[in-house]
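These are the residues of each chain, in order.
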Amino acid sequence: MANTIADTRRLFTKPQNLNDAYGPPSNFLEIDVSNPETVGVGRGRFTTYEVRLKTNLPIFKLKESSVRRRYSDFEWLRAELERESKVVVPPLPGKALFRQLPFRGDDGIFDDNFIEERRQGLEQFLNKVAGHPLAQNERCLHMFLQEDSVDRNYTPSKIRQA
């Protein structure tokens, strides 16, 4: 058996100064899903969520954006990413079919607690997806995060870094 000696030398690191420690991060991506609003009446009633993006990543054309999306838009994004990208796409929070049944004692899918749970799940989903380097190249993600409306008839493509 050959004698091997482990290399225990430390990597050389430059000392950190105050600007490095407390300055803006070199790369950041913040996505918040907030301000749920329920609109419409009867069977045309649905909830939209504000999706706010702040980033300094060069792949995104806008460094700050805010759009409103409903649950079906998140379903569309997930389906597009599964179809077009090589990324393992995390699940969305559940559809809550039981909550849509009539004659329930609560507001069903429009109950404040349910809307808050769904909002948290949608925010986690978006942060996982948008944080993935391969997903960041997908046009559907950029459209979802930065354009006022989702064009479901778009041509799938990759985003090239500016």
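- An unreviewed UniProt entry lists the protein under the name PX domain-containing protein, with Mugilogobius chulae as the source organism.
- Recorded in UniProt for the protein, the comment headed Sequence similarities (unreviewed entry) runs: "Belongs to the sorting nexin family."

### A closer look at the pairing of strand β1 (residues 29–39)
(1) Moving on: Bridging between β1 and strand β2 (residues 46–55) involves nine bridges; their strand directions are antiparallel. Bridge pairing links Val 39 to Phe 46 in β2.
(2) Moving on: Hairpin connection, β1 to β2: the antiparallel pair is bridged by six residues, and Gly 40 has positive phi, about 85 degrees.

### A look at helix α2 (residues 71–84)
(1) Moving on: For α2, built from 14 residues, the straight-helix expectation of 20 Å at 1.5 Å per residue is met to within 8% by its first-to-last C-alpha distance of 20 Å.
(2) Moving on: Residues of α2 that are buried include every one of Tyr 71, Asp 73, Phe 74, Trp 76, Leu 77, Arg 78, Glu 80 and Leu 81, and no others.
(3) Moving on: Where α2 is buried, its residues contact β1, β2, β3 (64–70), α3 (112–130) and α4 (139–146).

### Some words on the nonpolar core
Soluble, globular proteins show a tendency: their nonpolar side chains are buried together.
(1) Moving on: Among the nonpolar cores identified, the biggest contains 31 residues, and Val 51, Phe 74, Leu 77, Phe 125, Leu 126 and Leu 145 are the most heavily contacted of them.
(2) Moving on: Secondary-structure elements contributing two or more residues to this core are β1, β2, α2, α3 and α4.
(3) Moving on: Per-element accounting of this core gives the leading share, six residues, to α3.
(4) Moving on: If sequence neighbours within four positions are ignored, Phe 125 has contacts with Phe 74, Leu 77, Arg 78, Val 89, Pro 90, Pro 91 and Leu 92.

### Describing the environment of Glu 116
(1) Moving on: Structurally, the position occupied by Glu 116 is in helix α3.
(2) Moving on: Take Glu 116: its relative accessible area is 32%, and that puts it in the partly exposed class.
(3) Moving on: There is a polar contact of 2.9 Å between the side chain of Glu 116 and the side chain of Gln 120.

### Concerning the sheet that holds β3
(1) Moving on: With respect to topology, three strands assemble into an open sheet ordered β1-β2-β3, the strand pairing being antiparallel. Two strands close off the open sheet at either side, each with one partner strand: β1 and β3. For this sheet, the mean inter-axis angle between neighbouring strands, taken without regard to orientation, is 20 degrees.
(2) Moving on: Against the sheet, α3 contacts β1 and β2, and its axis sits at roughly 150 degrees relative to β1.

### Things to note about the side chain of Gln 146
(1) Moving on: On the secondary structure map, Gln 146 appears in helix α4.
(2) Moving on: Among the polar contacts listed, one links the side chain of Gln 146 to the backbone oxygen of Leu 62, at a separation of 2.7 Å.
(3) Moving on: Setting aside residues no more than four positions away along its own chain, Gln 146 makes contact with Leu 53, Phe 60, Lys 61, Leu 62, Ser 65 and Val 67.

### Side note on the packing of aromatic side chains
(1) Moving on: Going through the model one piece at a time under the given rule, you end up with two aromatic pairs.
(2) Moving on: An angle of 70 degrees between the planes, with centres 4.9 Å apart, marks the rings of Phe 74 and Phe 144 as edge-to-face. Residue Phe 74 is found in helix α2, and its partner Phe 144 is found in helix α4; the two are separated by 70 residues along the sequence. Here Phe 74 and Phe 144 have matching classes, each one buried.
(3) Moving on: Seen in terms of ring centroids, Trp 76 and Tyr 154 are 5.7 Å apart; in terms of plane orientation they differ by 70 degrees. Their pairing is edge-to-face. Of the two residues, Trp 76 is situated in helix α2 and Tyr 154 in the segment after α4; the sequence distance between them amounts to 78 residues. Judged on exposure class, the residue Trp 76 and its partner Tyr 154 are both buried.
(4) Moving on: It is Arg 70 that lies over the ring of Phe 46; its NZ or CZ is 3.7 Å from the centre.

What counts and how
- Residues numbered from 1 in each chain as written.
- Predicted model: local features only at pLDDT ≥ 70, side-chain atom pairs only at ≥ 80, totals over all residues.
- Heavy atoms only, no water.
- UniProt positions renumbered as here; feature names shortened; annotations may be inferred.
- Pairing = 2+ DSSP bridges.
- Helix = DSSP H or I, 4+ residues; strand = E, 2+ residues; numbered from the N terminus.
- Expected span 1.5 Å × (residues − 1).
- Buried < 20%, exposed > 50% of the residue type's maximum accessible area, 1.4 Å probe, protein only.
- Contact = heavy atoms within 4.5 Å.
- Core = buried A, V, L, I, M, F, W, Y, C linked by side-chain atoms within 4.5 Å.
- Polar contact = N/O pair within 3.5 Å; in protein donor to acceptor, adjacent residues only side chain to side chain.
- Axes fitted to C-alpha atoms, helices over the stretch in contact; angles between N-to-C directions.
- Phe/Tyr/Trp six-rings, centres within 6.5 Å; stacked < 30°, edge-to-face > 60°.
- Lys NZ or Arg CZ within 6 Å of the ring centre and 35° of its normal.

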